[in-house]
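A look at the structure
This is what each chain is made of:
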Amino acid sequence: MGNLAFYIKYAWRSILRGGQRSFFAILCIAVGVASIVALQSTGQSIQDTVAGDARADARADVRVTTRQDLFTAEELARFDDLKANKTIKDYTAPVTSQGMKVLKPDGSNSNSFGSFYLSFVVDPAKYPFYGSDKIIFENPKGKTLKDVLTKPGQIVLNSKMANGLGAKVGDKITKAAGDTPAQPLEVVGVLSENATVPERGQADFTGYNYISPDTAKQVYKPDTLLSSDIYVQTDSNTAADNKARDAINALSPAYDAKTSTERNEQLKQGTKGLSDLLSYVGLLSLLIGSVGVVNTMLVVVGRRSSEIATIKALGMESGQTVQVFIVEAAILGVMGSIAGIVLGELLTLAIGGVAGSFISQKLSFQIYGQPILIGLVVGIVTAIVFGLLPAYSASRIPPAQVLRQKTNALPRISFVATLLIILLMTVVMGLLAGVVLGGQFSLGVIIAFGALVSCAILILINAGTIWAVEKLPLPFGLNYKMARRNLGRSRGKNATTMLVMMVGIFAVALVFILSSSLKETIQDALERSFGYNVELRPKDNAQTQLALKAFEDKQVPGLQKNLLTTTANARLVSGGGVSADELLIRKIQKDKDKANSNANQRGGGGGADISSIGGIDAKDITTFTKTTSGRYFANDDEAVISEAYNKDYDIKIGDKLVYQVLSDKKEFSVTVVGIVTNKSAIVNLEPVQVTNNRMASITGHTSSLLLTIDKAQITPAVKYLQTNFEGAGVTDLSFISNIINDLIGNITAFPVLLAFLCLIAGAVLIANNVALAVLERRTEMGVMKSIGADRGRVLSIINWESGIVAFLGGLVGLFLAIGIASALVGFIGTPDNPAVLSVSPVLSIGMLVLAVGLALFATIGSAWGAAQEKPLVVLRYE
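Summarised in this report is the structure supplied together with it.

Rules used in this analysis
Residues numbered from 1 in each chain as written. Predicted model: local features only at pLDDT ≥ 70, side-chain atom pairs only at ≥ 80, totals over all residues. Heavy atoms only, no water. Helix = DSSP H or I, 4+ residues; strand = E, 2+ residues; numbered from the N terminus. Buried < 20%, exposed > 50% of the residue type's maximum accessible area, 1.4 Å probe, protein only. Contact = heavy atoms within 4.5 Å. Areas by Shrake-Rupley, 256 points an atom, 1.4 Å probe, with all protein chains shown as cover. Core = buried A, V, L, I, M, F, W, Y, C linked by side-chain atoms within 4.5 Å. Pairing = 2+ DSSP bridges. Polar contact = N/O pair within 3.5 Å; in protein donor to acceptor, adjacent residues only side chain to side chain. Expected span 1.5 Å × (residues − 1). Arc of directions from axis to C-beta. Phe/Tyr/Trp six-rings, centres within 6.5 Å; stacked < 30°, edge-to-face > 60°. Lys NZ or Arg CZ within 6 Å of the ring centre and 35° of its normal. Axes fitted to C-alpha atoms, helices over the stretch in contact; angles between N-to-C directions. Salt bridge = Lys/Arg side-chain N within 4 Å of Asp/Glu carboxyl O. Left-handed = near helix turned anticlockwise from the far one by under 90°. Nonpolar A, V, L, I, M, F, W, Y, C, P; charged D, E, K, R; others polar.

The secondary structure content of the protein chain amounts to 30 helices and 24 strands. Every one of the 878 residues in the protein chain was classed for burial, and the buried ones make up 50%. Put simply, 81% of the contacts in the protein chain that link residues at least 6 apart link residues at least 24 apart. For the protein chain, the exposed surface amounts to about 38200 Å²; the carbon and sulfur share of it is 59%.

Moving on to the nonpolar core. The biggest cluster of nonpolar side chains holds 39 residues, and the ones touching the most others in it are Val 64, Phe 79, Val 232, Ile 248, Tyr 645, Leu 657 and Tyr 659. Examining the composition of this core, we find that four residues originate from one element, strand 21 (residues 667-678), more than from any other. Every residue in contact with Ile 248, bar those within four places of it in the chain, is listed here: Val 62, Val 64, Phe 79, Leu 82, Val 232, Tyr 255 and Ala 257. With 21 residues, the next largest nonpolar core counts Tyr 130, Leu 149, Leu 191 and Val 197 among its residues.

With that settled, consider the pairing of strand 14 (residues 559-567). In the sheet, strand 14 pairs with strand 23 (residues 702-709) via eight bridges, with the strands oriented antiparallel. Residue pairing in the sheet places Leu 564 in a bridge with Leu 705 of strand 23. Relative to strand 17 (residues 613-616), strand 14 runs antiparallel, the two being bridged by three bridges. Bridge pairing in strand 17 places Thr 565 opposite Ile 616.

The next point concerns the environment of Tyr 130. Within the secondary structure, Tyr 130 is located in the loop between strand 5 (116-121) and strand 6 (137-139). Spatially, the C-alpha atoms of Tyr 130 and Ala 54 are 9.5 Å apart, while their sequence positions differ by 76 residues. Polar side-chain contacts of Tyr 130 include one of 2.5 Å to the side chain of Ser 236.

What follows concerns the side chain of Glu 345. Examined against the element boundaries, Glu 345 turns out to sit in helix 12 (residues 318-359). Owing to a relative accessible area of 10%, Glu 345 belongs among the buried residues under this scheme. Excluding residues within four positions of it along the chain, Glu 345 makes contact with Val 37, Ser 41, Phe 365, Ile 367 and Ile 372.

Over its 14 residues, helix 9 (residues 238-251) extends 20 Å from the first C-alpha to the last, a length consistent with the 20 Å expected when each residue adds 1.5 Å. Three or more residues of helix 9 are buried, namely Ala 240, Asp 241, Ala 244, Arg 245, Ile 248 and Asn 249. Seen from one end, helix 9 has its buried residues packed into an arc of 160°, which puts them on one side. Seen from the buried face of helix 9, the exposed residues on the opposite side, beyond 90 degrees, are Ala 239, Lys 243 and Ala 250. By the N-cap criterion, in which a side-chain oxygen at the helix start approaches the backbone nitrogen of a residue two or three places on, helix 9 is capped by Asn 237, the distance to Ala 239 being 3.2 Å.

Another point: the packing of aromatic side chains. For the coordinates displayed, the defined rule picks out 11 aromatic pairs. Judged by centre distance (6.2 Å) and plane angle (50°), the ring pair of Phe 120 and Tyr 210 falls under tilted. Of the two residues, Phe 120 sits in strand 5 while Tyr 210 sits in strand 10 (residues 208-211), which places them 90 residues apart along the sequence. Overall, Phe 120 belongs to the buried group, its relative accessible area being 4%. Above the ring of Tyr 91, the side-chain terminus of Lys 126 is found at 5.8 Å from the ring centroid. A cation sits over an aromatic face here: Lys 561 above Tyr 532, 4.9 Å from the ring centre.

Judged by pairing direction, the sheet is antiparallel, and its four strands sit side by side in the order 2-11-1-12 without closing on themselves. Each having just a single partner strand, strand 2 (90-92) and strand 12 (255-259) make up the two edges of the open sheet. Across the sheet, the mean angle separating the axes of adjacent strands is 20° when strand polarity is ignored. The pairing of strand 2 with strand 11 (residues 229-233) spans three bridges and is antiparallel. Looking at the pairing, Tyr 91 lines up with Val 232 of strand 11.

Moving on, we get to the pattern of salt bridges. Taken as a whole and judged by the stated rule, the model has 20 salt bridges. We note a salt bridge from Arg 55 to Asp 61, for which the minimum N-O separation is 2.3 Å. Classification of Asp 61 as buried rests on a relative accessible area of 0%. For Lys 258, the salt bridge is made with Asp 256, and the minimal N-O distance between the two is 3.0 Å. Across the pair, exposure class does not vary: Lys 258 and Asp 256 are buried alike. Salt bridges sharing partners connect three or more residues here, namely Arg 55, Asp 61 and Asp 241.

Okay, the packing of helix 4 (residues 73-84) against helix 9 next. Where helix 4 contacts helix 9, the two axes come as close as 11 Å, and the packing angle between them is 145°. The way helix 4 lies across helix 9 gives a crossing that is right-handed. Counting all contacts with helix 4, which are made through Arg 78, Phe 79 and Leu 82, the residues of helix 9 involved are Ala 247, Ile 248 and Leu 251. In terms of residue class, the contact of helix 4 with helix 9 is made up of five nonpolar, no polar and one charged.

Time to look at helix 13 (residues 369-386). Spanning 18 residues, helix 13 covers 26 Å between terminal C-alpha atoms, matching the ideal 26 Å at 1.5 Å per step. Taken residue by residue, helix 13 has Pro 371, Ile 374, Gly 375, Val 378, Gly 379, Thr 382, Ala 383, Val 385 and Phe 386 as its buried positions. For helix 13, the angular spread of the buried residues around the axis is 160°, confining them to a single face. For helix 13, exposure combined with an orientation more than 90 degrees from the buried face picks out Gly 369 and Leu 373.

In this section: unusual backbone geometry. Here the residue pair Tyr 127 and Pro 128 is connected by a cis peptide bond, since its omega of -10° sits within 30 degrees of zero. Tracing the backbone shows Pro 128 in the loop between strand 5 and strand 6. Cis peptide bonds are those with omega within 30 degrees of zero, and the linkage from Asn 139 to Pro 140 qualifies with -5°. Position of Pro 140 relative to the elements: it lies in the loop between strand 6 and helix 5 (145-148). Even without glycine at this site, Lys 665 takes up a positive phi of about 65°. Topologically, Lys 665 is positioned in the loop between strand 20 (656-661) and strand 21. On the basis of relative accessibility, which here comes to 36%, the residue Lys 665 falls in the partly exposed class.

This is the structure in structure tokens:
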């Protein structure tokens with residue numbers, strides 16, 4: 001115990017004497033720990049936000065969807081039976097309408113989306129069963145849907161829709177005429193920006209509203225008010241939830257009921273990948289910081305070789321020397337970890353805002369104990385582990401030789417000893433990585449050894465690059481020449497610094513290149529295989545025919561081409577002689593076998609919806625698809641299906657598909673004559689496609705006319721359509737590009753921030769390396785200044801050295817990012833719409849300027865004081 005007290009006292013005094021050296025060692029650890037604390041806290045915050053209170057997030061005890069797309073009135077009656085026999089307590093079936101065209105209080109259009117907003121038809125007495133506090137009212141404050149939606153003709157707007165309309169509580173807005181007559185609606189509530197969106201997607205961008213079923217009957221056709229989700233309330237315990245789920249699933253193979261707990265677990269699994277990504281970035285930052293600890297401790301040992309030799313000559317054993325330096329590394333680790341925890345919590349505030357945009361939900365700041373504990377333990381242990389090699393070097397210092405020759409050179413360590421220490425460090429770091437990754441120790445060790453091998457290879461490549469630069473004479477003057485020669489004196493350390501800068505620039509550049517490439521690929525695909533910038537939704541078939549006649553007569557300004565598509569609410573009765581229920585059972589079993597899931601996981605598994613059907617003309621379908629077998633339809637009794645539909649339900653060419661129209665219960669059938677695949681990754685048609693004539697013969701069908709208008713003529717074209725087709729929906733689709741750009745911007749902002757964390761860690765390491773290099777070369781700098789070099793020349797030489805290393809690291813990182821991006825971008829395209837690799841010259845130059853700028857900033861901060869040293873003082877005491 002007495003020895004430990006002495007070691008701590010001795011180590012503490014050494015840290016205080018170390019000054020700038022100790023500060024940068026602590027900072028290196030602090031940056032890594034801060035990254036881990038901030039990113040893990042953000043990951044937990046995301047999980048708590050996305051999957052917090054299970055019942056409140058699900059808004060029910062059990063949520064039910066159907067693989068037949070929509071629930072009919074007859075199917076809802078089954079839930080009345082479940083309620084009657086007390087299997088469930090209650091249920092409600094909200095409806096998401098296709099849109100409501102609303103005019104401003106003054107009668108004008110409200111936005112560039114054609115004044116269409118999503119309407120959510122809910123029973124305010126029941127919806128939501130839980131989580132009503134998440135539907136936050138801006139006005140009137142503290143109210144609920146039940147409080148304000150009390151009679152027909154009332155509407156609640158979210159803040160975006162209210163702003164678009166310029167409407168406030170008490171105003172009357174008009175639901176424009178269309179399928180039903182125009183209806184005045186009274187605004188009785190406006191939701192806060194923080195209110196939970198009932199359905200992510202269009203509602204995030206255009207705005208949305210809530211209305212009651214009584215109001216919906218005035219605004220929409222009854223046959224359109226069909227729900228795709230049912231919210232079920234039980235006695236709110238696990239047993240009751242499971243009983244209700246099993247009873248509902250037993251009603252039909254089309255039903256997919258999940259308890260709130262199961263949905264919550266799915267949401268957590270969905271965010272686990274993001275949490276793991278955050279942990280990986282934190283580990284990378286910590287690894288960068290750990291390299292700084294090694295460099296610092298090696299220089300410290302070298303600078304104190306005479307001191308170490310003296311105390312060893314006075315009786316300290318080699319093992320005790322190791323312990324002294326391990327204690328010193330531990331103290332640095334404790335100080336760096338504490339500083340990192342504080343910095344990490346502050347960083348969490350900044351990251352949380354960007355992460356909230358990434359998942360389209362606001363994150364609340366909260367201090368989590370687990371990330372703090374992990375950061376503290378990992379930081380301390382990392383400092384100790386990475387202090388092993390310098391500590392062992394100190395124990396090998398021969399007292400007699402050092403005291404006789406007055407040298408600061410470290411003794412050579414045997415290859416076997418070095419290898420064993422490095423392997424030990426790697427295993428320990430792998431175990432620590434396993435802790436950060438939530439107990440995945442095997443994965444952590446694999447990552448650690450993978451990182452070791454990768455870093456070793458890259459450092460060797462970097463060392464070769466630096467060697468080549470040493471031999472490359474460029475006309476940049478004497479300062480550059482001296483800096484170029486100096487690079488070779490610490491080639492290994494410079495290669496490590498170059499690696500750190502390369503990783504940071506690679507991460508940032510890769511995110512920017514991928515986001516830019518994704519935007520251009522989507523734009524190119526939209527223009528090539530979509531190319532429509534205005535949509536007209538006629539109110540009935542007669543108006544559709546009038547519109548087609550106007551297009552044929554070229555009455556619409558700037559019209560270049562048009563496309564008619566149709567849809568209808570129909571239910572598949574059978575396919576290939578097999579009932580729809582049997583087809584669904586087959587698919588569910590396939591999904592179970594594939595996922596190896598248990599009986600409670602019904603295995604919806606995604607894939608093609610069994611009842612989705614759409615209409616398109618034969619001349620147009622070839623624009624979007626190509627046949628993989630068979631042919632395209634030639635008459636109204638034929639259909640083509642997607643490859644996914646073929647695989648999911650074993651429907652083949654020659655099979656007959658029998659449908660029932662939901663509005664009038666009439667049946668029709670079509671024969672499959674071809675299997676198609678989408679040409680575009682952006683534009684996807686329904687899994688079953690028939691002719692427009694077939695769909696037009698179905699009661700209650702809806703039509704959509706997509707138009708390509710000359711960009712200069714969009715405004716007059718939209719005005720013409722609104723004036724001549726009263727009650728039709730007219731939408732300027734150019735907003736799709738804006739939505740896509742906004743989405744990509746939100747998605748990429750978070751990875752860019754994570755990449756910058758690595759870059760900042762790299763800048764700290766550069767500052768540390770420069771400070772250590774200056775410390776090692778104080779005598780050299782004193783000699784230079786004594787023979788006439790001024791402080792500007794000394795600082796210029798050091799800046800040249802750092803600038804060259806940073807430029808090379810940035811250049812290699814940029815080329816590596818371009819190479820990886822070119823491979824990844826290929827996956828987002830198709831043979832018919834290949835991906836576009838977008839590498840901006842401005843971005844490339846900017847990345848190199850960023851690398852050099854960070855390096856010079858860190859260098860000046862570290863070397864400025866040393867460049868001011870008086871040569872007499874340096875030469876006297878060195």
